[in-house]
Amino acid sequence: MSHLSVAKFGGTSVANFDAMTACANIVTADPNTRVVVLSASAGVTNFLVELANGCETARREEILSAVRTIQYNIIDKLQHPEAVSNEIDALLAHITALAESASLATSAALTDELICHGEMMSTKIFTQLLKERDFPAVWVDVRDVVATNNHYGKAAPNDEKTQAQSDAVIKPLIDDGKVVITQGFIGRDDEGKTTTLGRGGSDYSAALLAEVLNANDVLIWTDVPGIYTTDPRVVPAAQRIDTMSFNEAAEMATFGAKVLHPATLLPAVRSNIPVYVGSSKAPEQGGTWVTRDPQPRPTFRALALRRNQILLTLSSLSMLHAQGFLANVFGILAKHKISVDVITTSEVSVAITLDKTGSASSGADMLSEALLDELRQYCNVKVETDLALVAIIGNNLDSQAGIAKQLFTTFAPYNVRLISYGASKNNVCTLVQNSEADDVIRALHLALFE
Ligand code: ADP
Ligand code: ASP
Ligand code: MG
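Residues numbered from 1 in each chain as written. Chains lettered and ligands numbered in written order. Predicted model: local features only at pLDDT ≥ 70, side-chain atom pairs only at ≥ 80, totals over all residues. Heavy atoms only, no water.

As named in an unreviewed UniProt entry, the protein chain is Aspartokinase, taken from Actinobacillus indolicus. In the Catalytic activity (unreviewed entry) part of its UniProt record, the protein chain is described as follows: "L-aspartate + ATP = 4-phospho-L-aspartate + ADP". Here is the UniProt Sequence similarities (unreviewed entry) comment for the protein chain, exactly as written: "Belongs to the aspartokinase family." (UniProt positions renumbered as here; feature names shortened; annotations may be inferred.)

Below, the structure written as structure tokens:
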């Protein structure tokens, strides 16, 4: 088969009629793009999460009307609004009913069922936009393809089942010359219930579909023309990185560079699928290619920032010369499905960072009282919040003289709460106050990249 690309457009790229038109121009101009994965229009998922968490009648009506306005602002500019308005109205009615249920009792499964509607609506509208150009677009419910476990809010895909369903549902359409328009972010479990892959998960969906379709590349169209040395919103002097490795991009995404969902690189690495990141508003500006082994690999590649981190410090005198303490602690964390992030230890204590932002689609608090109670049976537990994780990402950071001096000199004016250096040759991580995080990033960027 000829070159096959999977293109993904994020929330701002499908936020309004003009943004969607720019996406349609990209899709129709590129004969290789045969599968298009969309996010919900910007703002819609946040509104749906609020509904799913349960709200008062007045607020519920306010949100429902805001969501309706976002979608109808686009629909009203179509040549044939009537071709989709019935379907959108049905989806809006469904949202209303689910939101009423959520205001009585919330549940993780209900949340996923509710928040999938953002992607359902954006894809219906975009398909119509393309059809009005006589383009062979066909809408597919991605839940018929992406199979997952039932870990609502952060479901894990079932690769084999997804492969089989993609072969049955998507492949014949592509072979027939159609261009498939489908949803990111969502899937379906074995019981037939809707699941989500976690906030920002549409990038991951695109990479998963690219893998099962044996695609040549994944094109992530977003609101920045590529991956930068750090978030260009925080540091305007950040520079675009033209080519970078899977490994470097995975580190950046893991440590908070929102431009890619952290799991996006998993299928890409597994199946060696290059990932391109570019701006849907300005495709002519070019972008970043993420591939297996591009050269050169600079010592310092990028800076990433993850706000809202939790620091859990567990200490116990019985840890002194004892065995099994850490095994117990990690056993408890695993039981509560807590993914441990950065760790530092001393003889009688261990400090662990947890990523609040990486939690479920609902944004539910990850530190439950049950977990804390269980930990308190073993040790003293101290919980600190309002921290941010700053990651310096690069290559061979562990085997060059002078790295520590360079970084520590820059940290001088700040209260650094924790440093992790040495476990990875690709990153050095520090924890700082949320309020100082932007300044730390700017100081590091000035010292290492400008
Ligand atoms: P989308 O809705 O298209 O998925 P996101 O908002 O999730 O877009 O991701 C794009 C945003 O990622 C950019 O607007 C930018 O602020 C942020 N970002 C964070 N770090 C980086 C980086 N290193 N390079 C580029 N963008 C970054
Ligand atoms: N719409 C979802 C979110 O806002 C998924 C995505 O945009 O990637 O998190
Ligand atoms: Mg995103």
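Having seen the model, we can carry on.
*Asks:* I would appreciate a short explanation of the overall build of the protein chain in the present structure.
*Replies:* When helices and strands are counted, the protein chain shows 14 helices and 16 strands. In summary, the protein chain has a C-alpha radius of gyration of 23 Å against a globular reference of 22 Å for 450 residues, a match within 12%. Taking the principal axes of its C-alpha atoms as reference, the protein chain extends roughly 70 × 55 × 40 Å. Across the 450 residues of the protein chain, 53% fall into the buried class. In the protein chain, 76% of the contacts between residues at least 6 apart in sequence involve partners at least 24 apart. A total accessible area of about 18,900 Å² is found for the protein chain, and carbon and sulfur atoms account for 50% of it. (Helix = DSSP H or I, 4+ residues; strand = E, 2+ residues; numbered from the N terminus. Rg over C-alpha atoms; globule rule 2.2 N^0.38 Å. Buried < 20%, exposed > 50% of the residue type's maximum accessible area, 1.4 Å probe, protein only. Contact = heavy atoms within 4.5 Å. Areas by Shrake-Rupley, 256 points an atom, 1.4 Å probe, with all protein chains shown as cover.)

*Asks:* In this structure, what is going on with the side chain of Thr 45? I would like to understand it.
*Replies:* Mapping Thr 45 onto the fold places it in helix α2 (residues 44-52). Contact partners of Thr 45, with chain neighbours within four places excluded, come to Ala 40, Glu 119, Phe 185 and Arg 199.

*Asks:* Which parts of the structure should I look at to understand the UniProt feature "binding site: substrate" (unreviewed entry) in the protein chain?
*Replies:* Residues annotated in UniProt with the feature "binding site: substrate" (unreviewed entry) correspond here to Thr 45 and Glu 119. In terms of the greatest pairwise C-alpha distance, the residues named above, spread along 75 residues, form a tight cluster of at most 8.4 Å across. For Thr 45, a relative accessible area of 10% gives the class buried. Among the structural elements, Glu 119 can be located in helix α6 (residues 117-131). Residue class for Glu 119 comes out buried when judged on its relative accessible area of 3%. Those residues in contact with Glu 119 that lie beyond four places of it in its chain are Leu 38, Ser 39, Ala 40, Thr 45, Gln 183, Gly 184, Phe 185 and Ser 202.

*Asks:* Whenever I open this one, the pairing of strand β10 (residues 287-291) confuses me. Can you help?
*Replies:* On any regular strand, side chains alternate: one points to one face of the sheet, the next to the other face. Bridging between strand β8 (residues 243-245) and β10 involves 3 bridges; their strand directions are parallel. The residue bridging Ser 245 from the neighbouring strand is Thr 291, located in β10. By the bridge criterion, 4 bridges tie strand β9 (residues 275-279) to β10 in an arrangement that is antiparallel. Across the sheet, residue Val 277 finds its bridge partner in β10, namely Thr 288. (Pairing = 2+ DSSP bridges.)

*Asks:* Explanation requested: the UniProt feature "binding site: ATP" (unreviewed entry) in the protein chain in the structure shown.
*Replies:* Under the local residue numbering, the UniProt record ascribes the feature "binding site: ATP" (unreviewed entry) to Lys 8, Phe 9, Gly 10, Gly 11, Thr 222, Asp 223, Tyr 228, Arg 233, Lys 258 and Val 259. Summarising the element assignment, Gly 10 is placed in the loop between β1 (5-9) and α1 (17-29). Owing to a relative accessible area of 6%, Gly 10 belongs among the buried residues under this scheme. What Gly 10 contacts, discounting residues up to four positions off in sequence, is Ser 39 and Trp 221. With respect to the element layout, Thr 222 can be found in strand β7 (residues 217-222). Leaving out residues up to four positions away in the same chain, Thr 222 has contacts with Ser 13, Val 259, Val 277, Gly 278, Ser 279 and Ser 280.

*Asks:* Sorry if this is basic, but what is going on with the site of ligand 1 here?
*Replies:* The environment of ligand 1 is made up of 17 residues, and the closest members are Thr 222, Asp 223, Tyr 228, Asp 231 and Arg 233. The side chain of Lys 8 places a nitrogen or oxygen atom 3.0 Å from an oxygen atom of ligand 1. The separation between an oxygen atom of ligand 1 and a polar side-chain atom of Arg 233 is 2.6 Å. In isolation ligand 1 has 570 Å² of accessible area, and contact with the protein removes 90% of it. Taken together, the residues of the shell around ligand 1 sort by class into 7 nonpolar, 5 polar and 5 charged. (Near = heavy atom within 4 Å. Polar contact = N/O pair within 3.5 Å; in protein donor to acceptor, adjacent residues only side chain to side chain. Nonpolar A, V, L, I, M, F, W, Y, C, P; charged D, E, K, R; others polar.)

*Asks:* Is there a simple way to explain the pattern of salt bridges in this structure?
*Replies:* When charged atoms on two side chains of opposite charge get close, those side chains can pair. Enumeration according to the criterion identifies 24 salt bridges in this entry. As a salt-bridge pair, Lys 171 and Asp 175 come within 3.3 Å of each other at their nearest N and O atoms. With Lys 171 and Asp 175 both in helix α7 (residues 159-175) and 4 residues apart, the pair spans about one turn of that helix. Here Lys 171 falls in the partly exposed class, since its relative accessible area comes to 36%. A salt bridge links Glu 369 to Arg 376; the nearest nitrogen and oxygen atoms lie 3.8 Å apart. On the accessibility criterion, Glu 369 (51% relative accessible area) is exposed. When salt bridges that share partners are traced, they join Glu 50, Arg 59 and Glu 62 into one network. (Salt bridge = Lys/Arg side-chain N within 4 Å of Asp/Glu carboxyl O.)

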